[in-house]
Amino acid sequence: MATSLFPLSSSFLQPLRLKTLAKPRTPVLSSTTRQIITTCDSQKSTGKSNPSSRNPNFQKRRKSSSKYGTSRRSILKKSFLQEQVTFTARVSDDPHVAIIGGGMAGLVCALNLEARGVQSTVFDTGIHGLGGRLGTRIVEPHGLIFDHAAQFFTANDSRFIQLVNGWLEKGLAREWKGVVGELEVGGSFSQFPSSSPPRYIAANGMRSLADSLLLDSQLVNLVRPCWISKLEPLNGMWHLSENGTPRGQFDVIVIAHNGKCANRLLSASGLPLVAKQMKKLDLSSIWALLAAFDDPLPTVNFEGAFVKGVESLSWMGNNSAKLGNGGSPHCWTFFSTAAYGKQNKVPQENIPTVTADKVRAGMLQGVEMALGLPEGSLPKPVYTRFQLWGAALPKNTPAVPCIFDPQGRAGICGDWLLGSNLESAALSGAALGNHIAEFLQNGEASPEEFAIGLHDRLSPLAGHDIGQFPGLTSVGEKEEANAYQLL
């Protein structure tokens, strides 16, 4: 049976400025099992499933004889000039939430909804697995493993620490005790002090953590790979489709991804306030170069390093050492700086060969510069692969836990609403899941009270080129602080 990922106390929802919330009930789950769908072609039904077959124990809060009203939508122009959808019909007795995006925020949102007795369906584009930025690439038959997005995470918030402790107990994550620090151009490496917060990684590559989160769920359906291309309000419900193929109808929708795909999806949805907030988000672009070497890299005495002073490189991490897969080949992940990514940005779906060759040479040269090696002396990799993260990390934030439009019954969750890390994503997903559950239970009389984040301004967001790591202080900043204290 699912349990709440975070303590569902009023203090957790305090940033939402809500009235005192009712104590969440623990759902009594039926024998209905969760259906994992690995291809969209297997979900052909366009009708809404029988509520009693989904969750017969969900509390009946409204008269079942009520009929859905008709929502009004008129597309004047794309994006901000679209007319606002306003649902006036009562939510169904057994509500169903659609979550578009299977990263950490979307998954935690689904699990928190389940803990409140609400069914959801997660739609994700992943072909090999879930996770969003929790990406791991496995190259067979060679057995090469690369974490090609999030490299590690820290935990600072007590609620997230509790969640991480649960992962540790289940063996889904472990502490990364390898040597990590900062690498100055020329090969000068400084290890983070022992007083630094613990660094965590997934036990078998970052994607394994995401793929494990829904294994015990009973009220969460999973549909992948699936690209939801249209949101249409009709007869009091949201109708989702993928390139003309219906993907179901839902009481509430959650956008748990961002970038141009999310903007395109919202541009003609009838949610101008939600679309406007998403459009304000500014994202960096970062190149990821995955490279395997037969021999260890010269002069390297670390497993991970934030690189300073090299334009084409911001991070280098040894996946083989980090994941305990020592020996040849040695699998490294190299990330460019955001500035280098911006200078060399191209359509990530179709990277020109000339750009790929230029970036590969530039980043490998950056590795030589960072390590202080003579030009051309870096061993030739036996395997390389590129990934351009065109919408890599947020550069600004509204500093709200989630966004929710009660008139349109639509919300947004994601790390960018609070920061730029795994912790922010989990906290945002939990906040929205609890907020929607409370709205479904108590929002009929005064839905406007549940509006959040629709007008907040976004402020610049600081951090490393590959994200924020709460509690992890730069070696230089630490030394400067110590020197100041001695004065």
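Residues numbered from 1 in each chain as written. Predicted model: local features only at pLDDT ≥ 70, side-chain atom pairs only at ≥ 80, totals over all residues. Heavy atoms only, no water.

For the protein, an unreviewed UniProt entry supplies the name Amine oxidase domain-containing protein and the organism Capsella rubella.

(A) Seen up close, helix 10 (residues 422–442). Spanning 21 residues, helix 10 covers 30 Å between terminal C-alpha atoms, matching the ideal 30 Å at 1.5 Å per step. Counting buried positions over the 21 residues of helix 10 gives 19, a clear majority of the element. At the N-terminal boundary of helix 10, the capping side chain belongs to Asn421, with an oxygen 3.2 Å from the backbone nitrogen of Glu423. (Helix = DSSP H or I, 4+ residues; strand = E, 2+ residues; numbered from the N terminus. Expected span 1.5 Å × (residues − 1). Buried < 20%, exposed > 50% of the residue type's maximum accessible area, 1.4 Å probe, protein only. Polar contact = N/O pair within 3.5 Å; in protein donor to acceptor, adjacent residues only side chain to side chain.)

(B) The pairing of strand 8 (residues 188–191), seen in detail. Note that strand 7 (residues 180–184) and strand 8 share four bridges and pair antiparallel. Bridging across to strand 8, Leu183 finds its partner in Phe189. The loop that links strand 7 with its antiparallel partner strand 8 comprises three residues; one of these, Gly186, has a positive phi angle of about 105°. (Pairing = 2+ DSSP bridges.)

(C) Highlighting the nonpolar core. Residues Met104 and Trp167 are the most contacted members of the largest nonpolar core, which totals 68 residues. A total of 10 residues in this core trace back to one element, the largest contributor, which is helix 10. What Trp167 contacts, discounting residues up to four positions off in sequence, is Met104, Phe153, Phe160, Leu172, Ala173, Leu209, Leu213 and Leu422. Listed in part, the 31 residues of the second largest apolar core include Ile100, Leu266, Val274 and Val400. (Core = buried A, V, L, I, M, F, W, Y, C linked by side-chain atoms within 4.5 Å. Contact = heavy atoms within 4.5 Å.)

(D) Looking closely at the sheet that holds strand 13 (residues 245–250). The antiparallel open sheet is built from three strands, whose spatial order is 11-12-13. With partners counted over all chains shown, the strands left at the sheet margins are strand 11 (230–234) and strand 13, one partner each. Looking at each pair of strands side by side, their axes are set apart by 25° on average, direction ignored. Note that strand 12 (residues 237–242) and strand 13 share four bridges and pair antiparallel. In the sheet register, His239 faces strand 13, and the bridge partner there is Gln249. (Axes fitted to C-alpha atoms, helices over the stretch in contact; angles between N-to-C directions.)

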